[in-house]
Amino acid sequence: MATTGILRAIRYHPISSRIAATYRSLSTLVLAEHEGGSIKASSISAVEAAKSIGNENSVSLLLAGSGPSLKEAAEHAASCHPSISQVLVAESDNFTYPLAEPWAKLIHVVHQKGDYSHIIAASGSFGKNIVPRAAALLDISPVTDVTEISDSNIFVRPIYAGNALCTVRYTGSSPCMLTVRSTSFSVASTSADSNSKPASIDQVDLSNFSEDDAVGKSRYIKLSSQETERPDLGNARVVITGGRALKSAENFKMIEKLAEKLGAAVGATRAAVDAGYVPNDLQVGQTGKIVAPELYMAFGVSGAIQHIAGMRDAKVIVAVNKDADAPIFQVADYGLVGDLFEVIPELLEKLPDKK
């Protein structure tokens, strides 16, 4: 199948001597998300991105929360990546839930003491919620959705739904704040070297953090999640996605059965989500999740530009659609023109059950 070309736009500005002087000493603060006593894979990818900023870059990881799981997460963070030199822990009931107001104030307090050259977060719901408010408090403009770090102040990010790559030079004041796409900074399996010395764990001084700083216009209501044994969509090796062509939520169960056989995560297009076939946390695309699995199988997916923006980095893309002119075939490595209501049952019959 033919692949679509990606344009690269270059936007350079003269760099000021003040910024050059600031970056002679590199230090990065990574905003980490944790769950169940472990650092999320997307946050470890953010640490991997921090490595690209410079060889002499000192990386600190910031954790916030309360309860025993925070201590477990700190211990995991100290040894999850050899590039981490320090783990900063902010323990308070104000950080039980990752709300933007208390987190933004925390980042401001930590930066005042650490004077970091860069602040990085993964470009997920956690980072997108916190980074804009923190950037406003620091009076800086963040660089979002970074897919490549060329230098300490030169970054590549997608524009026009991923159809063009823009190289930008940051010339603002310190710190340079980034959100990075975790799928673009994969972590090698040997990153967590058992022989490396664990990073130090230090408590953040919250004496200047008042209750007023934690009160904002947002409040935590509840967390809705599905109990499933399937892998997480954002980190799965195999993703099976269904589109509106499945016609109903009942038919979409064929995708789920196929995913169970392959040990895969389930994804969906925005059209399928809007039609109520599946919940919106399964949406793949520009306004959903960005995935880069080893195998991406799309059934009844037309290939709208917004969807392709969320899965074009997959290693192998397989598409099944009865429309031979569907745009999805332009990015697919393997394509089959056929009726998914015939193809999926045949696959379910011939594939062995997952052991």
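What you see is a predicted model; the values in this text were computed from it and never measured. In this convention, every chain numbers its residues from 1, walking through the sequence in written order. With pLDDT at 70 or above as the cut-off, local features in this predicted model cover only qualifying residues; side-chain atom pairs require 80 or more to be listed or tallied, and sums for whole chains, interfaces and linings still use all residues. Side-chain measures here rest on the full set of heavy atoms in the structure, leaving out hydrogens and waters.

Enquirer: Even after reading the chapter, I still don't get the sheet that holds strand 14 (residues 238–242), so can you show me in this structure?
Expert: Each strand in a sheet pairs with another by means of backbone hydrogen bonds, the pair being arranged parallel or else antiparallel. For two strands to pair, DSSP has to find at least two bridges joining them. Secondary structure elements are defined from DSSP: runs of H or I of at least 4 residues count as helices, runs of E of at least 2 residues count as strands, and each element is numbered from the N terminus. With parallel pairing, 5 strands are arranged side by side in an open sheet as 15-14-16-17-18. Each edge of the open sheet is held by one strand with a lone partner, namely strand 15 (265–268) and strand 18 (334–337). Along the sheet, successive strands turn relative to each other by an average axial angle of 15 degrees, direction set aside. Pairing of strand 16 (residues 295–299) with strand 17 (residues 316–321) involves 5 bridges; the strand directions are parallel. Bridging across to strand 17, Met297 finds its partner in Val318. Each axis is a line fitted through C-alpha atoms, taken for helices only over the stretch in contact, and angles between the N-to-C directions span 0 to 180 degrees.

Enquirer: Looking at this model, I keep getting lost on helix 4 (residues 100–114). Mind explaining?
Expert: Spacing of three or four residues puts side chains on the same side of an α-helix, whose turn is 3.6 residues. A rise of 1.5 Å per residue sets the reference length of helix 4, with its 15 residues, at 21 Å; its end C-alpha atoms lie 20 Å apart and thus fit the reference within 8%. For the exposure calls, accessible area comes from a 1.4 Å probe over protein chains only, and a residue counts as buried if that area is under 20% of its type's maximum, exposed if over 50%, partly exposed in between. Most of helix 4 sits out of view: 11 of its 15 residues are buried. Take the number of residues in a helix, subtract one, and multiply by 1.5 Å to get its expected span.

Enquirer: Any chance you could explain the packing of aromatic side chains here in plain terms?
Expert: Given two aromatic rings, their pairing is described by the distance between the two centres and the angle made by the two planes. Two rings from Phe, Tyr or Trp (for Trp, the six-membered ring) form a pair when their centres are within 6.5 Å of each other. A pair whose planes differ by under 30 degrees is stacked, one over 60 is edge-to-face, and the rest are tilted. Applying the stated criterion across every chain yields a total of 2 aromatic pairs. Where Tyr97 meets Tyr220, the ring centres are 3.6 Å apart and the plane angle is 0 degrees; that geometry is what we call stacked. With Tyr97 in the loop between strand 6 (84–91) and helix 4 and Tyr220 in the loop between helix 6 (211–214) and strand 14, the pair connects residues that are 123 residues apart, well separated along the chain. For Tyr97, a relative accessible area of 37% puts it in the partly exposed group. On the basis of an interplanar angle of 90 degrees and a centroid distance of 5.2 Å, the ring pair of Trp103 and Phe126 is categorised as edge-to-face. Note that Trp103 is positioned in helix 4 and Phe126 in helix 5 (residues 125–138), a separation of 23 residues in sequence.

Enquirer: Explain the pairing of strand 7 (residues 118–122) here, please?
Expert: Residues in a regular strand project their side chains so that they alternate between the two faces of the sheet. Here strand 7 lies mainly inside the structure; 5 of its 5 residues are buried. Side chains of strand 7 alternate between two faces, with His118, Ile120 and Ala122 and Ile119 and Ala121 buried alike. Where strand 2 (residues 27–31) lies against strand 7, 3 bridges are found, and the strand directions are parallel. Among the inter-strand pairings, Thr28 is bridged to a residue of strand 7, identified as His118. The pairing of strand 7 with strand 12 (residues 176–180) spans 5 bridges and is classified as parallel. By the bridge assignment, Ala121 is partnered in strand 12 with Thr179.

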